[in-house]
Amino acid sequence: LTLLSQQFSQTESWFHRSAGLQSGSAPHSQLFPPAEGVMLPPESFKNRVVFITGGGTGLGRAMATVLSQLGAQCVIASRKLDVLQQTAEDICSRTGNKVHALQCDVRDPQAVSHCVDQMTSLTGLPDVIINNAAGNFICPSERLSPNAWKSITDIVLNGTAFVTLELGKRLIQDQRGASFLAITTIYAESGSGFVAPSASAKAGVEALYKSLAAEWGRYGHRFNIIQPGPIKTKGAFSRLDPTGKFEKGMIDRIPTGRLGTPAELANLAAYLSSDYASWISGAVMRFDGGEYVSMAGEFNDLRRVTPDQWKMMEAMIRSTKGS
Ligand SMILES: CCCCCCCCC/C=C/C=C/C(=O)SCCNC(=O)CCNC(=O)[C@H](O)C(C)(C)COP(=O)(O)OP(=O)(O)OC[C@H]1O[C@@H](n2cnc3c(N)ncnc32)[C@H](O)[C@@H]1OP(=O)(O)O
Ligand SMILES: NC(=O)C1=CN([C@@H]2O[C@H](COP(=O)(O)OP(=O)(O)OC[C@H]3O[C@@H](n4cnc5c(N)ncnc54)[C@H](OP(=O)(O)O)[C@@H]3O)[C@@H](O)[C@H]2O)C=CC1
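None of these values were measured; they are calculated from a predicted model.

Undergrad: Give a detailed account of helix α7 (residues 196-215), specifying residues and quantitative values.
TA: Counted at 1.5 Å a residue, the expected span for α7 with its 20 residues is 28 Å, and the 28 Å between its end C-alpha atoms agrees. Among the residues making up α7, those that are buried are Pro197, Ser198, Ala199, Ala201, Lys202, Val205, Glu206, Leu208, Tyr209, Leu212 and Ala213.

Now the structure itself:
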């Protein structure tokens, strides 16, 4: 076993060196280059208002950028007003479209209601709502205090519910349709140790969105979910891979050999929120380079077996004939 594992790691590092790769991607990732341009036609979101929670950083910022490039007037909301304002300025100077920054702690239903009041005066109610704000950190569950549990589940599940219900009720009142999108993650489906509050809350968000997809279609509302796998953002990686030691193992188990990019996620979010997706509701879109199925399959680690090793094993298996 030790010999085999030495062989495996030598083969692996040879692959990386010969491809002249930076650490952070496998040679075959060259077969899956990320397309960074904007996918939808220009002005796909002209005269549309988009509301994005957590839009000041990471994936929220990337989605706001692409939607603004496509003509939307964006409203981004979270706790840190200075961060939001800087992002709003950066995006607006790049796209020429207005981006509004509103302070809002989604855990507080009154703050959410006040934020929606402010948005209504600035832009009117939104056509697109993206629930992206989240909190997370890795922690053995036996070390979690009640407040640690609450801090994550309040942002992720209650925050999404408060935003969705507040906006949904007002849109229904005004007889206006809308697209709702929630950003969850692949382990919302499987559960995951060491992030139990996040896994529980994201699973709750998925149940909420599937429920409302069924209930509120009659009001012109669509509800969809994107489950991203790993995409390098400061917010996520500083809390989920604080030492930087987990990244390589993660990339090794992703069949496409690389992390996702914020721009790729933003294009998918734009599509699902657009008129091109008007028949898509209640959908759960896994977006992970194949990581989920790769982790799930019993024999998938056999990818590491070399042709010579297969020759040997095949001979061993064939030798059992008749036994
Ligand atoms: C294997 C490698 C993985 C690499 C990435 C793989 C990605 C694939 C799937 C990824 C999914 C990603 C999901 C995400 O959601 S990423 C988003 C991450 N972004 C954020 O979290 C941004 C917002 N976060 C925050 O503001 C904070 O981190 C917060 C703690 C969530 C909330 O802040 P605040 O309200 O100010 O809380 P505090 O007062 O600081 O703390 C509240 C209680 O929680 C306890 N606590 C805080 N940190 C920890 C910790 N690290 N461990 C244990 N407990 C913690 C804190 O002590 C408080 O409890 P109390 O002491 O009992 O009062
Ligand atoms: N990056 C990744 O690999 C993955 C990310 N995801 C999901 O993608 C989404 C974005 O994550 P990412 O961009 O990586 O991480 P970030 O940390 O950059 O984004 C989280 C955002 O949530 C906001 N936020 C946190 N708490 C609150 C609150 N109480 N009220 C309002 N806003 C809040 C933060 O802003 P502020 O601090 O100003 O409040 C921040 O902008 C999340 O839903 C995350 O779960 C899912 C799978 C993988």
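Undergrad: Outline a positive patch on the surface, supporting the account with residue identities and numerical values.
TA: Positive charge collects at one region of the surface, where Arg79, Lys80, Lys234 and Arg239 lie side by side. Relative to the elements of secondary structure, lysine 80 occurs in the loop between β2 (73-78) and α3 (81-95). With a relative accessible area of 47%, lysine 80 lands in the partly exposed category.

Undergrad: Give a description of α3 that names residues and reports values.
TA: Between its terminal C-alpha atoms α3 stretches 21 Å, which fits the 21 Å expected from 15 residues at 1.5 Å a residue. Listed in full, the buried residues belonging to α3 are Leu84, Thr87, Ala88 and Ile91. Summarising the axial view, the buried residues of α3 lie within an arc of 105°, below the 170-degree limit, and thus occupy one face. Exposed and oriented more than 90 degrees from the buried face of α3 are Asp82, Glu89 and Ser93. Against the buried residues of α3 lie α2 (58-69), β2 and β3 (99-103). Positive phi shows up at glycine 96, right after α3, with a value of about 80°.

Undergrad: Provide a residue-level description of the site of ligand 2, including the pertinent values.
TA: Looking at ligand 2, there are 26 residues lining it, with Thr57, Ser78, Asn132, Lys202 and Thr233 nearest. Between ligand 2 and the protein, one listed contact pairs an oxygen atom with a side-chain N or O atom of threonine 57 at 2.7 Å. A distance of 2.9 Å separates an oxygen atom of ligand 2 from a polar atom in the backbone of isoleucine 231. Protein burial of ligand 2: of its 870 Å² of free accessible surface, 91% is covered by the chains. Tallied by class, the residues present in the shell around ligand 2 amount to 11 nonpolar, 10 polar and 5 charged.

Undergrad: With reference to specific residues and values, describe the packing of α2 against helix α10 (residues 262-273).
TA: Running from amino to carboxyl end, α2 crosses α10 at an angle of 55°, the nearest separation of the two axes being 8 Å. Here α10 runs oblique to α2, going by the angle between their axes. The way α2 lies across α10 gives a crossing that is right-handed. Between α2 and α10, the contacting residues are Leu59, Ala62, Met63, Val66 and Leu67 on the first element and Pro262, Leu265, Ala266, Asn267, Ala269 and Ala270 on the second.

Undergrad: Just give me the short version of the site of ligand 1, but keep the residues and values in it.
TA: Residues in close proximity to ligand 1 total 23 residues, the closest being Arg79, Asn136, Ser145, Asn147 and Arg239. Separating an oxygen atom of ligand 1 from a side-chain N or O atom of arginine 79 is a distance of 2.8 Å. Contact with the protein chains covers 64% of the free accessible surface of ligand 1, which is 1300 Å². With 5 residues, helix α8 (residues 234-240) is the largest single contributor of residues to the shell around ligand 1. Across the shell around ligand 1, the residue classes break down as 12 nonpolar, 7 polar and 4 charged.

Rules and cut-offs
- Residues numbered from 1 in each chain as written.
- Chains lettered and ligands numbered in written order.
- Predicted model: local features only at pLDDT ≥ 70, side-chain atom pairs only at ≥ 80, totals over all residues.
- Heavy atoms only, no water.
- Helix = DSSP H or I, 4+ residues; strand = E, 2+ residues; numbered from the N terminus.
- Expected span 1.5 Å × (residues − 1).
- Buried < 20%, exposed > 50% of the residue type's maximum accessible area, 1.4 Å probe, protein only.
- Patch = residues over 30% accessible without salt bridge, like charges linked within 9 Å, V, L, I, M, F, W, Y side chains within 5 Å.
- Areas by Shrake-Rupley, 256 points an atom, 1.4 Å probe, with all protein chains shown as cover.
- Salt bridge = Lys/Arg side-chain N within 4 Å of Asp/Glu carboxyl O.
- Lys, Arg positive; Asp, Glu negative; His and termini not counted.
- Charge placed at Lys NZ, Arg CZ, Asp CG, Glu CD.
- Arc of directions from axis to C-beta.
- Contact = heavy atoms within 4.5 Å.
- Near = heavy atom within 4 Å.
- Polar contact = N/O pair within 3.5 Å; in protein donor to acceptor, adjacent residues only side chain to side chain.
- Nonpolar A, V, L, I, M, F, W, Y, C, P; charged D, E, K, R; others polar.
- Axes fitted to C-alpha atoms, helices over the stretch in contact; angles between N-to-C directions.
- Parallel < 35°, antiparallel > 145°, perpendicular 65-115°, else oblique.
- Left-handed = near helix turned anticlockwise from the far one by under 90°.

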